Amino acid sequence: MHLSDILRAPKAVLHDHLDGGLRPATIIELARECGYRGLPTEEPEALGVWFRDAADSGSLERYLETFAHTCAVMQTREALERVAAECAEDLAADGVVYAEVRYAPEQHQERGLTLDEVVDAVNAGFREGERRTGGRITVRALLTGMRHTDRSLEIAELTVAHRERGVAGFDIAGGEIGNPPARHLPAFQHLKRHSCHFTIHAGEAVGAESIHEAVQICGAERIGHGVRITDDITVHDDGSATLGHLAAYVRDNRIALEVCPTSNLQTGAAKDYATHPIDLLRRLGFRITLNTDNRLVSGTTMSREFQHMAEAFGYGPEVFEEFTVAAVESAFLPLPERRRLIDEVIRPGYAALREAASSK
Ligand SMILES: [Zn+2]
């Protein structure tokens, strides 16, 4: 598949962090505006490289430091609106037609914004970004509760309160080790009582037991990453595989895995692209979606993730169409909107790509 075709292919992303995807030049400008002096460099290209190196360093402290810089410049209404609008523009330029972008509202209150003001500002930015792209992209927000804090119920309540205004669901993120999702059970119970969607980061740093807790104790509809579900799968010498009860449950109930290959390489959840479990899981029939996680920090885009997967496993347009349809089917959107995206945007987009390829 040619790079130009990959760029043109319609894409959907369900797992993308707002604070992990800023433009380096924007970080520098916002830092000047708000008087933040902590940036390692004020040269956009060098700053982009610094972020990727920090994320690649294998040091959790350096990895987390990257988010300290981005969050530091996302503390005013104007800054949040700008970052959100540019996020929508950048995704649309990469061929993304539907995105669920997540962020933790509690991390944007250092200069006195209320949680509602944070959510309103980000939503206004997404609407502005949609407008600037002529409606080529639809963006919904997911509100993230942080595992290590005790504000998850508050953020779950915030999610329910804003559900009619661009917020599609809830997520829980942050260091998995020592912070199991069941610690936040009251948040998930609140969401369930209000029939509100949520996903949980699990099966990234911790194994299948975290996925078990996320799905069976907390009730997650999707899993952020989830690649460690392979802990519950035995692959035999002849290539056949035996699934444990949990793996079978996840597969059979079509619980989508929000797979982020490049991010997995950086955090050590996978060794390299060629041995990434995405291909095994796909062959076994899991509902796989392909995602960016943190575009700036991981130096990636949806097109680059497609490209890496094309190189590693020979995937072509059929597989990318499958991933994209799977993502929209698992989107936290009303069914008619999902069907419209699939029937009117994604299927025709891939059909056009196939036609162009066959006439070359
Ligand atoms: Zn993530």
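Residues numbered from 1 in each chain as written. Predicted model: local features only at pLDDT ≥ 70, side-chain atom pairs only at ≥ 80, totals over all residues. Heavy atoms only, no water.

Visitor: Sorry, what's going on with the coordination of the zinc ion here?
Guide: Four donors placed tetrahedrally about a metal ideally form angles of 109.5 degrees, and six donors placed octahedrally ideally form angles of 90 or 180 degrees. Only His-15 (NE2), His-17 (NE2), His-201 (NE2) and Asp-293 (OD) from the protein reach the zinc ion as donors, at distances of 2.1 to 2.3 Å. Each of the four donor atoms bound to the zinc ion contributes to angles spanning 84 to 170°, and the resulting shape is irregular. Of note, the zinc ion draws all its donor residues from one chain, in the sequence arrangement H-x1-H-x183-H-x91-D. Here Asp-293 lies in the loop between strand S10 (288-290) and helix H13 (302-313) and His-17 lies in strand S1 (residues 11-17), a separation of 276 residues in the sequence. Asp-293 matches His-17 in its accessibility class, with the two residues each being buried. (Donors = N, O, S within 2.8 Å, 3.2 Å for Na, K, Ca; no water. Tetrahedral: all angles 85-135°; square planar, octahedral: opposite > 155°, others 65-115°. Helix = DSSP H or I, 4+ residues; strand = E, 2+ residues; numbered from the N terminus. Buried < 20%, exposed > 50% of the residue type's maximum accessible area, 1.4 Å probe, protein only.)

Visitor: Sorry, what's going on with the pairing of strand S5 (residues 199-202) here?
Guide: Both faces of the sheet carry side chains from a regular strand, because those side chains alternate between them. Here S5 shows two buried faces, one formed by Thr-199 and His-201 and the other by Ile-200 and Ala-202. The sheet contact formed by S5 and strand S6 (residues 222-225) spans four bridges and is parallel. Of the residues in S6, the one forming a bridge with His-201 is Gly-224. Between the parallel elements S5 and S6, the chain passes through helix H9 (residues 208-217) in a crossover that is right-handed. (Pairing = 2+ DSSP bridges. Right-handed = clockwise from strand over helix to strand, strands pointing away.)

Visitor: Before we go on, may I ask you to explain the sheet that holds S5 in this structure?
Guide: Whenever strands of a sheet pair, they do so through backbone hydrogen bonds, lying parallel or antiparallel. Pairing is parallel across the open sheet formed by four strands, whose spatial order is S5-S6-S9-S10. Lying at the two open borders of the sheet, with one neighbouring strand each, are S5 and S10. Averaged over neighbouring strand pairs, the angle between their axes works out to 25° when direction is ignored. Across three bridges, the pairing between strand S9 (residues 256-259) and S10 is parallel. By the bridge assignment for S10, Glu-258 is matched with Thr-289. (Axes fitted to C-alpha atoms, helices over the stretch in contact; angles between N-to-C directions.)

Visitor: What am I meant to see in the sheet that holds S1 here?
Guide: The four strands lie next to each other as S1-S2-S3-S4, forming an open sheet whose pairing is parallel. Two strands close off the open sheet at either side, each with one partner strand: S1 and strand S4 (167-173). Taking the axes of each pair of neighbouring strands and ignoring which way they run, one obtains an average angle of 25° across the sheet. Here strand S2 (residues 96-103) runs beside strand S3 (residues 138-146); their pairing, made up of six bridges, is parallel. The residue bridging Tyr-98 from the neighbouring strand is Thr-138, located in S3. Against the sheet, H13 touches S1 and S2, its axis set at about 110° to S1. (Contact = heavy atoms within 4.5 Å.)

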